[in-house]
Amino acid sequence: MAKKKPSTIADLLPRAALLRLLVVLSLLLAPHLQRLPIWAAMLVVGIVAWRTAAAYRGWPMLPGWMRVLLTFGAFAGVYASFGRVSGQTAGVALITVMAALKLTELRARRDTMVMVFLMYFMLITHFLFSQELWTAAYLLVMTALITGVLIDANHPGSALPLRDSLRMSSGMVLRALPLMLLIFVLFPRIPGPIWGLPSDAGAARSGLSDSMAPGEISSLINSEAVAFRVRFEGAVPPASQRYWRGPSFARFDGRKWDSGIRPPEAEDPVAELSGPAYSYEVVLEPNRTPWLFALDLPSRVGLPSDARLNADYQLVLTQGELRDRRLYRLSSHPQYRLQTRLPDRLRTQMLQLPKNSNPRAQALARQWRDQGLNDAAIVSTALQRFRTGDYSYTLRPPSLGRNSVDEFLFDTRRGFCEHYASSFAVLMRAAGIPARIVTGYQGGEPNAIGDYWIIRQSDAHAWTEVWLAGRGWQRVDPTAAVAPERVERGIGSALSDTDLPAFLDPTQRQGFRFNLQARWDWANAQWNHWVLGYGPELQADFLQRFGLGDWHDMILALTILITVALTGLGWLLLRQARVHRPVDAAQRAWHRLQQKLARIGLIQGDDEGPRDYVSRVIAMRPELAPTLMPVLALYLQLRYLDEAGSGRQRALERAVNVFTISRQTRRQAANKLGSALNRR
C-alpha cells in the first residue's frame, strides 16, 4: 500500500478553523452523550479535550496502530454494551464514538470535508429521539454552524473572521428555507414510511401498560408528560363523559389484570349509538403501543384507514406500534348500548375468578345475590358501599398482599382508581355479573391560549364495565362514588395536599409561569399539527383550498414554484455579484468620468488614486488636460477636503457632463488597440 503523502502547507487546517470545528462538533455530540454508556461518553469527551490541547500545543497525531486499536476497541465496546451495533441507540452510539475518533487523524482540509459530511449525517440522528419544536430550532442553528465550518474548510489561507463565516453560512441557510418550505408543502405525501427505521427507533414506551396491578396507574400521576391533545369541532362533552377508552382486561389472577385470550365469537361487537355525536381531532404522542385513544364510544364511520375497533371496542392499529406522533379524526357517542347479546363462552370468561382468592369479597357478593337483589341492584349496592364505607382516594395507598381485593375492601380502605375498579369487578363477577376492567384517560384540561384540550399521563384512569341484560356493557366508575370531584374537576381536586404533585396543585396553575407554559404548549401543538402531522390527508385538505386537488396539480405547482424560486435566487446572487454603483453623489459623478475614459482604454487601477489616475491619463492624452483637471479639482474638494456643498456638487456634475473625448482621440485609441492585438 502506498505511503500517505504528507499534507502540503496549503492543505493544513488553520488553528482557528480547527477550534471552530471542535466547538461545533461538541455542540452536535452533547445531546447524545446522555444516551451513551459511561465509558463511551468519557471516551468522546476525552478525545475532544485531547484534540483541543493538541491544537494549542502542536502535539502530533496518534500513531496508526493506536488509532486502529481504539477503533476496534470502540466497536467491541458498543457491541458489548448493546448486544448489537445497529439500531437507534447502538447505531447512534457507534457513529458518535467514531466521529470522535476521526479527530485523532484530523489535521488537513480534506480530513475536515469528511468530518463535515459526517456531521451533517449525525444531525439527522437527533430526530430519532425527539421531534419537538426546540429540536427543529436546534438543528437549524447547527446546520448554519456546520455550514460555517464547511466555508472555513474551503477558504484558502487563514480562516475567515468568525463574523464573516457565520454571516455567510446563515445567509445560505436562510436562502434555502423558502425552497425547503415549498417542497415540504407541495411534495406528495406517501402514507407510511418511505424507508424502514431501526426496530428500536422512536419514543420509549410510555403511558398505560398491557396489564394492570395495584400501583401501576398511580405511578403515572407524577408524570406531567402529554399523552395526547384533542381539538373538538363544536361542542365539548361534559366532564362526566370525557372518558378516553384504551386497553381493557378480562383475566384476573388474584392481583393483576390482563387481556387474556378472547373466544372467536367475541369479535365485532355491535354498538347501538345514540344521543349527540362529538367530532374531534386527536394528536397522539408516540408510545410504542398499538393503541389509539378515542372518546368512549367511537363510531366505526370515518376510522383511520390503518386502524380498527377490536373485540373490546378499543381502537388499535392494524399492524405495528405507534412510533411517531399521530393525527387522526374521530366521531364518538357518549350514549350507547354495546353488545346487548353476550355469547356464552365470552360470558364464562367475564365471570372467571381464581379459586381460593379473595374469599371475603366473594362471600360478600354471594350474600347480595342470596338476598334476591337483581343485577342493577347489586351494582347500586356495591357503589353505595364505597360511598358510605369510610373509603378514601389517595395516591399513596398501603401495599397489598396476595388477596389484594380482600385487604383493600375490608382492611386498608385506601386506594387509587385501579384499586376501586379491580375490587368492583371482582365483586360483580362473584355475584354472577359479567365484568371487565377498562383503562384509559379521564378528563383533561383546556389550554388557556389555544382552542384544544391537553390530556396528560397524570389523567390516566381505570374504570369498570358490567354487562346488564338488555343494556349491554355499561360503564361504571367506582372511583366517582368515592371521589366524584375526580371526574367533575380533575385529579388535582380529588387528592389531598400531601398527595398532590406540584404541577397538579390548582394554586400553581395561574400567573406568569402557567401562561408561559400554556403558550409554549400551544406553539408545540401547532408544530405537531402542521409539521409533524402533515400527512396525506392534511396535505389534501390544505391544498384543496388552492384548487390543487390531485397529484398532477401538486407536481405542476411544485415545478413552477421551484423554478420561480430558483430564478429569483439566481437573480439575487447575480445582483450581489455585479459591481454596485457608488451611493455618494460625488462618487457617482467620478464613476461616470471613469466610464468615459474606459471607452478609450484608460481604466483606473485598483491601487491607483484619483490624482495618480488623472496624471497618467494626461501623460498619455495631453489634449484632455483642460477639461479633466477641473473635474479632478472639484472631486478632491468634495471627497477629501471637506468642502461639500450643493454648489460644488452641481459644478462637478457640469464639469463631468462637459468633459468629452474627441472623435480623433477615440480613433487613435482604437488604432493603438488594434496594433497591440496584431502584435500578439
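Residues numbered from 1 in each chain as written. Predicted model: local features only at pLDDT ≥ 70, side-chain atom pairs only at ≥ 80, totals over all residues. Heavy atoms only, no water.

Engineer: Pulling in residues and values, what's your account of the overall build of the protein?
Structural biologist: Of the regular secondary structure elements, the protein holds 23 helices and 19 strands. Looking at the 680 residues of the protein, the share that counts as buried comes to 46%. A total of about 34800 Å² of accessible surface is found on the protein, and carbon and sulfur atoms cover 58% of it. (Helix = DSSP H or I, 4+ residues; strand = E, 2+ residues; numbered from the N terminus. Buried < 20%, exposed > 50% of the residue type's maximum accessible area, 1.4 Å probe, protein only. Areas by Shrake-Rupley, 256 points an atom, 1.4 Å probe, with all protein chains shown as cover.)

Engineer: Let's hear about the sheet that holds strand 7 (residues 278-284): which residues, and what values?
Structural biologist: Backbone hydrogen bonds hold the strands of a sheet together, and the pairing may be parallel or antiparallel. Read across the sheet, five strands follow the order 11-7-2-17-16 without closing on themselves; strand pairing throughout is antiparallel. Each edge of the open sheet carries a strand with a single partner, namely strand 11 (326-332) and strand 16 (445-446). The pairing of strand 2 (residues 226-232) with strand 17 (residues 453-456) spans four bridges and is antiparallel. Following the sheet pairing, Arg229 is matched in strand 17 by Ile454. (Pairing = 2+ DSSP bridges.)

Engineer: Tell me about the sheet that holds strand 5 (residues 257-258), residues and numbers included.
Structural biologist: One open sheet accounts for three strands, arranged 1-5-4; its pairing is antiparallel. Looking at strand neighbours, the two that pair on one side only are strand 1 (211-212) and strand 4 (251-252), the edges of this open sheet. Across two bridges, strand 1 lies against strand 5 in antiparallel orientation. Looking at strand 5, one finds that Ser211 is bridged to Asp258.

Engineer: If you had to explain the nonpolar core to someone new, which residues and values would you point to?
Structural biologist: Within the largest apolar cluster, 86 residues are counted, with the highest numbers of intra-cluster contacts made by Phe228 and Met428. With nine residues, helix 12 (residues 417-430) is the single largest residue contributor to this core. Once residues within four sequence positions are removed from consideration, Phe228 is found in contact with Trp244, Val282, Val283, Leu284, Glu285, Phe293, Tyr441, Trp453, Ile454 and Ile455. Counting residues in hydrophobic clusters, the runner-up holds 37 residues, among them Met119, Tyr138, Met142 and Val149. (Core = buried A, V, L, I, M, F, W, Y, C linked by side-chain atoms within 4.5 Å. Contact = heavy atoms within 4.5 Å.)

Engineer: Mind laying out the packing of helix 6 (residues 133-153) against helix 7 (residues 162-186), listing which residues take part and the relevant values?
Structural biologist: Across the interface, helix 6 lies against helix 7 with an axial gap of 8 Å and an inter-helix angle of 125 degrees. One way to sum up the angle between helix 6 and helix 7 is to call them oblique. Here helix 6 and helix 7 pass one another in a crossing that is right-handed. Across from Leu140, Thr143, Ala144, Leu145, Thr147, Gly148, Ile151 and Asp152 in helix 6, the residues of helix 7 making contact are Ser165, Leu166, Met168, Ser169, Ser170, Met172, Val173 and Leu177. Taken together, the residues of the contact of helix 6 with helix 7 sort by class into nine nonpolar, six polar and one charged. (Axes fitted to C-alpha atoms, helices over the stretch in contact; angles between N-to-C directions. Parallel < 35°, antiparallel > 145°, perpendicular 65-115°, else oblique. Left-handed = near helix turned anticlockwise from the far one by under 90°. Nonpolar A, V, L, I, M, F, W, Y, C, P; charged D, E, K, R; others polar.)

Engineer: Outline helix 19 (residues 585-598), supporting the account with residue identities and numerical values.
Structural biologist: Compared with the 20 Å implied by 1.5 Å per residue over 14 residues, the 20 Å span of helix 19 between its first and last C-alpha is a close match. Three or more residues of helix 19 are buried, namely Ala586, Ala589, Trp590, His591, Leu593, Lys596 and Leu597. (Expected span 1.5 Å × (residues − 1).)

Engineer: Which residues make up the packing of helix 7 against helix 17 (residues 536-544), and what are the values?
Structural biologist: Packing of helix 7 against helix 17 leaves a shortest axis separation of 9 Å and a crossing angle of 105 degrees. When the axes of helix 7 and helix 17 are compared, the pair comes out roughly perpendicular. When helix 7 is examined against helix 17, the residues Phe184, Val185 and Leu186 are found in contact with a partner set consisting of Gln539, Phe542 and Leu543. Its residues placed into classes, the contact of helix 7 with helix 17 shows five nonpolar, one polar and no charged.

Engineer: Requested: an account of the pattern of salt bridges, with residues and values cited.
Structural biologist: Under the definition given, this model contains 23 salt bridges. Note that Arg323 is salt-bridged to Glu321, the shortest N-O span being 3.8 Å. For Arg323, a relative accessible area of 25% corresponds to the partly exposed category. Given the relative accessible area of 36%, Glu321 is considered partly exposed. Among the ionic pairs, Glu465 bridges to Arg436, the shortest N-O distance being 2.9 Å. Placement of Glu465 in strand 18 (residues 460-468) and of Arg436 in strand 15 (residues 435-442) is noted, with a sequence separation of 29 residues between them. Each of the two residues, Glu465 as well as Arg436, counts as buried. When salt bridges that share partners are traced, they join Arg245, Asp296, Asp312, Arg436, Glu465 and Arg475 into one network. (Salt bridge = Lys/Arg side-chain N within 4 Å of Asp/Glu carboxyl O.)

Engineer: An account of the packing of aromatic side chains is needed here, citing residue identities and associated values.
Structural biologist: The final tally for this structure, using the stated rule, is 17 aromatic pairs. Between Phe228 and Trp244, the ring centres sit 5.5 Å apart and the planes meet at 75 degrees, which makes this aromatic pair edge-to-face. Placement of the pair is Phe228 in strand 2 and Trp244 in strand 3 (residues 243-249), with a sequence separation of 16 residues. In this structure, Phe228 and Trp244 share a single accessibility class: buried. (Phe/Tyr/Trp six-rings, centres within 6.5 Å; stacked < 30°, edge-to-face > 60°.)

Engineer: Quick one: what's the story with helix 7, residue by residue and with numbers?
Structural biologist: Counted at 1.5 Å a residue, the expected span for helix 7 with its 25 residues is 36 Å, and the 37 Å between its end C-alpha atoms agrees. At Leu177, helix 7 shows its largest kink, close to 30 degrees, and the proline Pro178 lies no more than four residues downstream. What helix 7 keeps buried is the set Ser165, Ser169, Gly171, Val173 and Leu186. (Bend = angle between axes of the 7 residues up to and from the residue.)

Engineer: Residues and numbers for the environment of Ile433, please.
Structural biologist: Along the chain, Ile433 falls in the loop between helix 12 and strand 15. With 86 residues separating them in the primary sequence, Ile433 and Arg347 have C-alpha atoms 8.9 Å apart. With residues near it in sequence (within four places) discarded, Ile433 still touches Met350, Leu351, Arg369, Asp375, Ile378, Val379, Met428, Val466, Trp467 and Leu468.

Engineer: Please provide a residue-by-residue account of unusual backbone geometry, values included.
Structural biologist: Omega for the bond connecting Asp296 with Leu297 falls within 30 degrees of zero, at 20 degrees, which places this linkage in the cis form. In this structure, Arg288 takes a positive phi of about 60 degrees despite not being glycine. Within the secondary structure, Arg288 is located in the loop between strand 7 and strand 8 (294-295). Classification of Arg288 as buried rests on a relative accessible area of 17%. The phi dihedral of Arg413 is positive, around 55 degrees, even though this residue is not glycine. Mapping Arg413 onto the fold places it in the loop between helix 11 (404-412) and strand 14 (414-415).

Engineer: I'd like a description of the environment of Thr112, backed by residues and values.
Structural biologist: In this fold, Thr112 is placed in helix 5 (residues 109-125). On the basis of relative accessible area, Thr112 is assigned to the buried category, the value being 1%. Put simply, Thr112 and Asp152 are 40 residues apart on the chain and 9.5 Å apart in space, counted from C-alpha to C-alpha. Discounting chain neighbours no more than four positions away, the residues touching Thr112 are Leu13, Leu21, Leu106, Val149 and Ala153.

Engineer: Describe the environment of Arg109, listing the residues and the values that go with them.
Structural biologist: With respect to the element layout, Arg109 can be found in helix 5. With relative accessibility at 9%, the residue Arg109 sits in the buried group. As a C-alpha pair, Arg109 and His155 span 46 residues in sequence and 9.5 Å in three-dimensional space.

Engineer: Give a description of a positive patch on the surface that names residues and reports values.
Structural biologist: On the surface, a cluster of positive charge is contributed by Arg599, Arg663, Arg666 and Arg667. Residue position: Arg663 is located in helix 23 (residues 663-679). Its relative accessible area of 61% is what places Arg663 among the exposed residues. (Patch = residues over 30% accessible without salt bridge, like charges linked within 9 Å, V, L, I, M, F, W, Y side chains within 5 Å. Lys, Arg positive; Asp, Glu negative; His and termini not counted. Charge placed at Lys NZ, Arg CZ, Asp CG, Glu CD.)

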